[in-house]
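# Understanding the architecture of this molecule
For reference, the chains in residue letters:
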Amino acid sequence: DPQQAVISPNETSCAMCGLGAIIYFLRTPFEEYEYNKKTHQWVEWGRFADDKIWIDRIKYLSEHIVEVITEDGEINELDIGKY
């Protein structure tokens, strides 16, 4: 169950958070999300067995930078421009 979801300023991706973060790129061909699947359609962060992180908030700082704030208040910036 997602805690929050936001769409990027240029509407090319959607960032969702809760247990980790999923950045889903809004480009064809669309793939249905599958946990732990490697694809160019989305990127996961903090959702892996050895690195599960609860995220309270997520927002876009720019077209390619997503800020995630964990339940402990830690702030992380994810560069999604390379995907």
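Structural data are supplied above this passage.
A few points on the structure.

Calculation criteria
- Each chain has its residues counted from 1, running along the sequence as written.
- Given that this is a predicted model, residues contribute local features only at a pLDDT of at least 70 and side-chain atom pairs are listed and counted only at 80 or more, while totals for whole chains, interfaces and linings are drawn from all residues.
- In computing side-chain values, all of the structure's heavy atoms are included and hydrogens and water are not.
- Each pair of strands is called paired provided DSSP finds at least two bridges between the two strands.
- In this text, helices come from DSSP runs of H or I with a minimum length of four residues, and strands from runs of E with a minimum of two, each type numbered from the N-terminal end.
- Interaxial angles span 0 to 180 degrees and are taken between N-to-C directions of axes, which are lines fitted to C-alpha atoms, for helices over the stretch in contact.
- Buried residues are those whose accessible area, probed at 1.4 Å on protein chains only, stays under 20% of the maximum for their type, while exposed residues exceed 50% and partly exposed ones sit between those limits.
- Ring pairs shown here join Phe, Tyr and Trp side chains whose ring centres sit within 6.5 Å, with only the six-membered ring taken for Trp; geometry is labelled stacked below 30 degrees between planes, edge-to-face above 60, and tilted in between.

### Section: the sheet that holds strand E2 (residues 13-18)
The strand order across the open sheet formed by four strands is E1-E2-E3-E4, and the pairing between neighbours is antiparallel. Taken across any chain shown, the strands that pair with only one partner, and hence form the sheet edges, are strand E1 (4-7) and strand E4 (42-45). Neighbour-to-neighbour, the strand axes of the sheet open up by a mean angle of 15 degrees, direction not taken into account. As paired strands, E2 and strand E3 (residues 20-25) are joined by six bridges and run antiparallel to one another. Pairing of Cys 14 across the sheet is with Tyr 24, part of E3.

### Considering the pairing of E3
With six of six residues buried, E3 is to be regarded as a mostly interior element. Burial of E3 is two-sided: the residues Gly 20, Ile 22 and Tyr 24 facing one way and the residues Ala 21, Ile 23 and Phe 25 facing the other way are all buried. Sheet topology places E3 next to E4; four bridges connect them, and they run antiparallel. Bridging across to E4, Ile 22 finds its partner in Glu 44.

### Examining the packing of aromatic side chains
Counted by the stated rule, this structure contains two aromatic pairs. Here the aromatic rings of Tyr 24 and Trp 42 are separated by 6.1 Å at their centres, their planes lie at 15 degrees, and the arrangement is stacked. Residue Tyr 24 is found in strand E3, and its partner Trp 42 is found in strand E4; the two are separated by 18 residues along the sequence. What makes Trp 42 buried here is its relative accessible area of 4%. Summarising the aromatic geometry, the rings of Tyr 33 and Trp 42 are spaced 5.0 Å apart at their centres and angled 55 degrees between planes, so their arrangement reads as tilted. The partly exposed category is assigned to Tyr 33, whose relative accessible area is 28%. One aromatic cluster is present, formed by Tyr 24, Tyr 33 and Trp 42 through successive ring pairs.

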